[in-house]
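Report on the structure
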Amino acid sequence: PWSTSFTITIIRFKFTKKIGIMKVRLVTRSGRDIVDGGFEIPDDAATVDALQAQIHSLSLKKKLKGIKAELYPSRQRMTIPAATAGGKPVPLTPGKKLSDFDVKDGAIVTFKDLGIQIGYQTVFFWEYFGPLLVYPMFHCLREQVYGKAFTPCLAQRLALWYFCFHYTKRIAETFLLHTFSHATMPIANLFRNCSYYWGFAALVSYFVNHPDYTSPSELRVKVAFGLALLCQLGNLHTHLTLANLRKPGEKGYKIPRGFGFNWVTCANYTFEIYGWFFFNIATQSLMGVVFMSAGALQMIQWAGQKHARLRKQFDGKEGREKYPRRWQILPPFI
Amino acid sequence: RNSLLTSPLVQLSARMGFLKSAYLLAYNISLVIGWSYILFEAVIEWKANGPLGVFIAVRKSLEIAQTAAVLEVVHSALGVVRSPVVTTFLQVVSRIAILWGVLIAIPFDSRTAEIVLYNDASVKVALSTGTMIVAWSLSEIIRYSFYAFKELGFVPYPVEWLRYSGFVVLYPIGVASELTMIYCGMPHMKNNGMYDLVMPNAFNFAFNYYIALLIGTSVYLPGFPKLYFYMLAQRKKVLAAKSKVA
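This report concerns the structure included in the present document. (Residues numbered from 1 in each chain as written. Chains lettered and ligands numbered in written order. Predicted model: local features only at pLDDT ≥ 70, side-chain atom pairs only at ≥ 80, totals over all residues. Heavy atoms only, no water.)

**What about the packing of aromatic side chains?**
Residues and elements named next belong to chain A. Throughout the structure, instances matching the rule amount to 43 aromatic pairs over all chains. Measuring from ring centre to ring centre gives 4.2 Å for Tyr 135 and Phe 163, while their planes differ by 20°; the resulting arrangement is stacked. Pair noted here: Tyr 135 is in helix 3 (residues 120–140) and Phe 163 is in helix 5 (residues 154–176), with a separation of 28 residues, a long-range link. Judged on exposure class, the residue Tyr 135 and its partner Phe 163 are both buried. Aromatic side chains Tyr 269 and Trp 302 sit 6.2 Å apart centroid to centroid with 40° between the ring planes, which places their arrangement in the tilted category. With a gap of 33 residues between them, Tyr 269 in helix 8 (residues 267–283) and Trp 302 in helix 9 (residues 286–313) connect regions that are remote in the sequence. (Phe/Tyr/Trp six-rings, centres within 6.5 Å; stacked < 30°, edge-to-face > 60°. Helix = DSSP H or I, 4+ residues; strand = E, 2+ residues; numbered from the N terminus. Buried < 20%, exposed > 50% of the residue type's maximum accessible area, 1.4 Å probe, protein only.)

**As for the pairing of strand 2 (residues 124–128) of chain B**
All names here are of chain B. One ladder, built from five bridges, connects strand 1 (residues 114–119) with strand 2; its direction is antiparallel. Note that in strand 2 the partner of Val 116 across the bridge is Ala 126. Joining the antiparallel neighbours strand 1 and strand 2 is a turn of four residues. (Pairing = 2+ DSSP bridges.)

**Topic: the sheet that holds strand 4 (residues 90–91) of chain A**
Residue and element names in this part refer to chain A. Strand order in the open sheet formed by five strands is 2-1-5-3-4, and the pairing between neighbours is mixed. In this open sheet, the two strands that pair with only one neighbour each are strand 2 (39–42) and strand 4. Relative to strand 4, strand 3 (residues 76–80) runs antiparallel, the two being bridged by two bridges. By the bridge assignment, Thr 79 is partnered in strand 4 with Pro 91. Set on the sheet, helix 2 (residues 48–60) makes contact with strand 1 (21–27), strand 2, strand 3 and strand 5 (108–113); between it and strand 2 the angle comes to about 135°. (Contact = heavy atoms within 4.5 Å. Axes fitted to C-alpha atoms, helices over the stretch in contact; angles between N-to-C directions.)

**Things to note about helix 2 (residues 54–68) of chain B**
Residues and elements named next belong to chain B. Between its terminal C-alpha atoms helix 2 stretches 20 Å, which fits the 21 Å expected from 15 residues at 1.5 Å a residue. The largest bend in helix 2 is about 55°, located at Lys 60. Residues of helix 2 that are buried include every one of Val 54, Phe 55, Val 58, Ser 61, Leu 62, Glu 63, Ala 65 and Gln 66, and no others. (Expected span 1.5 Å × (residues − 1). Bend = angle between axes of the 7 residues up to and from the residue.)

Dropping the structure here:
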């Protein structure tokens, strides 16, 4: 009798966790421990944010094995294995408690360093600012670029205005209108995105502002640019709608309605693509068509994902709304 | 009642799986034979007349074997093989661009030129179509044999070792030789103006082959070290795992 209870007491002492402290193992994806002996989290600070702050301060003190960089929170990605076998790992999102993810004493959290991060607004600014310098260069410095002095035609002048208006609008929206669900992205994206926007600005501008550029008829130029401008305003309207979808502090997806959204999930992309379409009608340049197609290809992918996400969430069950039948991005095709 | 194992759907997919394997095996073996023949012709020509005439000697077989690689992009796009479409496409496009876009499109200097790296009384080291074609053939023979064995289900260690080690020497020689071809052919392109599209025209677009080659090469060049180090890392992973198991 007393020996049994003594044995039971010993077993209980071995496996009882310290009062008020949770121990968690932090490992890399290849299974290597980042903190020797595991990570201690006081129960009253068992939130994802507190965990991130602790990892950050440990990285500054160089106490993390195999990690030399400063791991500020936006660089950290922590996941726990999926509940079902073969499912995707579940990321621990900031703003929640560890208990929301069922992270208990003895849990294993997988850690990934996302690399140097840069803010969305910073990236958007630089990728949109470049074209404002690059495109006008071919027009305004045409004598130096093409080696020939000439007077630009109407199409070339309107194209310059349209292009600059487009990117100025984008910069304004970035700082005044858009809110971002993720604050940062990997720094490599800055170079990739800037190459895309700056590169195409140069390519389109070179051919449209060329001395041997052949303009379509003035009527066509004026009408098409007028329609393109209307599309830009339409695009702005859709952005205003999207910005006002969520009240401050509200989270989660909502169904956009009104104006183009009654028929198309990504009406903002629709107006964007049609804007460039009319730009091409007005300027008739192959490079402009290539630029529009490249952008359209990417937007079609994004629209497909957004459409699928909204349809999955608003499935009409358990009191949720059913997502209305809509085009994804380009009626009447997709 | 049909059991699950003999149900028509399972039988059909088993038959399809077998057909796919048989097709891929045939494809890979044909290309091993094709490239072996090219290597054979190249060596014969080199021994007889030196490396500069190799391209002209192997041209017909090379056109067939290298262009057949386009099928690999199709295989990848259809999901017949598991490699990513974009990577396969880029690899095949670069080879096709060199073969059709430089060697065949530029009739003269690129085909018979060489860049001499080292020359003294006894030995001469130079990059030419000879070195390029030998490097290409050896790489392709190794690669296609590897894939053929994979279809058979068993890859002998020497083949696997060659697959993950051959590139260390063959890839730099191949790329350096390709760049030699481009470099030697470009002056001809600049003066000739073949394949050029000038403005004014209805597309408001101009194309200059010389500039296109410049842009293409400047995009191709930085890719090489990146790819090389990626393959070195792959090599470490695969061959280290093998030695651990052994």
